[in-house]
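# Fold and contact review
Take a look at the letters that make up each chain.
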Amino acid sequence: MSYGADIVSAFRHLGVEYVGRILKGEKPADLPVQTPTKYELVVNLKTAKALGLEVPPTLLATADAVIE
């Protein structure tokens, strides 16, 4: 199971926000640090089964992705 930032969304935001501001003349050192705004939950059922773990159906229903 993994819960973390949505990398695709983070890179998209990085390209639009940071690169656009740098190309407009702002110094990279002056740009604020931004935290991710979208997170994703991924559950690997194959690994859970190999470890003898049972994943509750409610957790599977809320997961963004399920690896079978």
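Residues numbered from 1 in each chain as written. Predicted model: local features only at pLDDT ≥ 70, side-chain atom pairs only at ≥ 80, totals over all residues. Heavy atoms only, no water.

## Re the layout of surface pockets
- Roughly 220 Å³ of volume is contained in the largest pocket.
- If you go around the largest pocket, the residues you meet are Ala5, Asp6, Ser9, Ala10, His13, Leu14, Tyr18, Gln34, Thr35, Pro36, Thr37 and Lys38.
- The element best represented in the lining of the largest pocket is helix H1 (residues 7-23), accounting for 5 residues.
- Broken down by class, the residue content of the lining of the largest pocket amounts to 5 nonpolar, 5 polar and 2 charged. (1 Å grid on protein atoms, 1.4 Å probe; cavity = no way out; pocket = protein on both sides within 12 Å on 5 of 7 lines; lining within 4 Å. Points joined across faces, edges and corners; volume = space filled by probe spheres on them. Helix = DSSP H or I, 4+ residues; strand = E, 2+ residues; numbered from the N terminus. Nonpolar A, V, L, I, M, F, W, Y, C, P; charged D, E, K, R; others polar.)

## A word on the packing of aromatic side chains
- Under the criterion given, the structure shown has 1 aromatic pair.
- Measuring from centroid to centroid gives 5.9 Å for Tyr3 and Tyr39, while their planes differ by 20°, and the two rings are stacked. Taken as a pair, Tyr3 in strand S1 (residues 2-5) and Tyr39 in strand S2 (residues 39-44) lie far apart in primary sequence, 36 residues in all.
- Judged by its relative accessible area of 61%, Tyr3 is exposed.
- Relative accessible area serves as the criterion here: at 38%, Tyr39 is assigned to the partly exposed category. (Phe/Tyr/Trp six-rings, centres within 6.5 Å; stacked < 30°, edge-to-face > 60°. Buried < 20%, exposed > 50% of the residue type's maximum accessible area, 1.4 Å probe, protein only.)

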